[in-house]
Amino acid sequence: MSDFLKRMKESAKADRKTIVLPEGEDPRTIAAAQKIVAEGLANLVILGDPAEVKVEGARVVDPKSSDKHEEYAQAFAELRKKKGVTIEQAREQMNDNTYFGTMMVKMGDADGLVSGACHSTANTLRPALQILKTAPGTKLVSGFMMVIVPDCEFGQDGTFIFSDIGLNIAPDADQLSEIAIASAASWKSFMGTEPEVALLSYSTKGSAGGDSAERVRQAAALVAEKAPDLACDGELQLDAALVPEVASLKAPGSKVAGHANVLVFPDLAAGNIGYKLVQRLGKAEAYGPLLQGIAKPVNDLSRGCSADDIVGVVAITAVQAQMAAKQA
Ligand SMILES: CC(C)(COP(=O)(O)OP(=O)(O)OC[C@H]1O[C@@H](n2cnc3c(N)ncnc32)[C@H](O)[C@@H]1OP(=O)(O)O)[C@@H](O)C(=O)NCCC(=O)NCCS
Ligand SMILES: CC(=O)OP(=O)(O)O
């Protein structure tokens, strides 16, 4: 287990938060829940049929028969009134575990939610985007992965943030700049050290043409305007971002090339494929997709996750809930 995850677990244990797991039907979620209870990482609410879901030390709630069902339906109908949602539709929606769990977070009955082991990212994130919305001062929610590569001299001892690997399919230059700035803030809050952000491309400092490279160049210019003190550079190829010798050839004088720890991909295809390559071929730990810019902690999983990945994401979610409580 990485030092990063050990640190997340120690923090989670020190001030236990309530995390809801909507996927009570998923065996990995149940195995993870048993470990989370045994390690004392969080108070758990598992959504599912209490006759079938048995985890000692966790509360099991069936949304359909919950005494909160009507209260949440009323609140959801009110929240989505402008979108034309009726109370009948809201009642139906509260039979869906992810919507019900997200309402638990909204209403303060849970501090965070982790789902996605057996639901697609879109189905996991849509309720969060509709119900919780963006955090104050934020216009874009994005998804990042904490990636910890064993025996790696790059990044901060092999630890990186990769973004956006989960949510925004084709970010424009402004959205890329928002993703870069949010990822830098996520790095600072989880790692406590200075972020060094590389806006990645197939081109380094104008070495190749094309719309995608141009978009990344514009994003770098926008970051420089919006966050002039942030160590951020682009467009950079991955080797220039990570390897000092390549950086000195391709991007001499760059303030982050050769030692980047936050890698911002030009689009979701690159980010999602990129993290899975490093996770699977590089045997890295990969926790996420974690949301940044959302009003309350909700995090996703890959359907390819293990029970240990779920434990890790729950510990991280609990730490995010602690941070949110401190800011409130
Ligand atoms: C998440 C996703 C489903 C949202 O798109 P959608 O379902 O079409 O929903 P909409 O675009 O109507 O957005 C729903 C709400 O979320 C908000 N929203 C969507 N994306 C947002 C973002 N990045 N930041 C903030 N809010 C966002 C919209 O403003 C909208 O709010 P409203 O309903 O109150 O007006 C879509 O972005 C998506 O599919 N992303 C890719 C996810 C994926 O498949 N990843 C691959 C594997 S990790
Ligand atoms: C993050 C991600 O890629 O999710 P999934 O593997 O479930 O599509």
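As recorded in an unreviewed UniProt entry, the protein chain goes by Phosphate acetyltransferase and comes from Olsenella porci. Note on the protein chain: under the UniProt heading Catalytic activity (unreviewed entry), the record states "acetyl-CoA + phosphate = acetyl phosphate + CoA". For the protein chain, the Pathway (unreviewed entry) comment in UniProt is given as "Metabolic intermediate biosynthesis; acetyl-CoA biosynthesis; acetyl-CoA from acetate: step 2/2."

Caption draft 1: How the structure looks around unusual backbone geometry. That bond from Ser-163 to Asp-164 is cis: its omega, -20°, falls within 30 degrees of zero. Here the amide bond leading from Gly-288 into Pro-289 is cis, since omega sits at -5°, within 30 degrees of zero. The residue Pro-289 is located in strand E10 (residues 285-292) in this model. If you check the backbone angles, Lys-133 has positive phi at about 70° while not being a glycine. Counting through the fold element by element, Lys-133 comes out in the loop between helix H6 (121-131) and strand E5 (142-148). Residue classification places Lys-133 among the partly exposed residues on the basis of a relative accessible area of 44%. The phi dihedral of Lys-283 is positive, around 50°, even though this residue is not glycine. Within the element layout of this structure, Lys-283 appears in the loop between helix H11 (268-281) and E10.

Caption draft 2: The arrangement of the site of ligand 2 in detail. Ligand 2 sits among Thr-121, Asn-272, Tyr-275, Lys-276, Pro-289, Ser-302 and Arg-303. Within the side chain of Lys-276, one N or O atom sits 2.9 Å away from an oxygen atom of ligand 2. In this structure, Ser-302 approaches ligand 2 through a side-chain N or O atom, which is 2.7 Å from an oxygen atom. Computed on the free molecule, ligand 2 has an accessible area of 260 Å², of which 86% lies beneath the protein chains in the complex. Tallying contributions element by element places H11 first for the shell around ligand 2, with 3 residues. Here the shell around ligand 2 is built from residues that sort into 2 nonpolar, 3 polar and 2 charged.

Caption draft 3: The arrangement of the site of ligand 1 in detail. Looking at ligand 1, there are 17 residues lining it, with Arg-80, Lys-83, Arg-126, Lys-133 and Val-141 nearest. In the model, an oxygen atom of ligand 1 is placed 2.5 Å from a nitrogen or oxygen of the Arg-126 side chain. Measuring from a nitrogen atom of ligand 1, one finds a backbone N or O atom of Gly-166 at 2.9 Å. When ligand 1 is considered free in solution it has 940 Å² of accessible area, and contact with the protein chains removes 63% of it. Breaking the shell around ligand 1 down by element, the ones donating at least two residues are H6 and H11. Considering every element that reaches the shell around ligand 1, the biggest residue donor is H6, with 4 residues. When grouped by side-chain class, the residues that make up the shell around ligand 1 number 8 nonpolar, 5 polar and 4 charged.

Rules behind the numbers
Residues numbered from 1 in each chain as written. Chains lettered and ligands numbered in written order. Predicted model: local features only at pLDDT ≥ 70, side-chain atom pairs only at ≥ 80, totals over all residues. Heavy atoms only, no water. UniProt positions renumbered as here; feature names shortened; annotations may be inferred. Helix = DSSP H or I, 4+ residues; strand = E, 2+ residues; numbered from the N terminus. Buried < 20%, exposed > 50% of the residue type's maximum accessible area, 1.4 Å probe, protein only. Near = heavy atom within 4 Å. Polar contact = N/O pair within 3.5 Å; in protein donor to acceptor, adjacent residues only side chain to side chain. Areas by Shrake-Rupley, 256 points an atom, 1.4 Å probe, with all protein chains shown as cover. Nonpolar A, V, L, I, M, F, W, Y, C, P; charged D, E, K, R; others polar.

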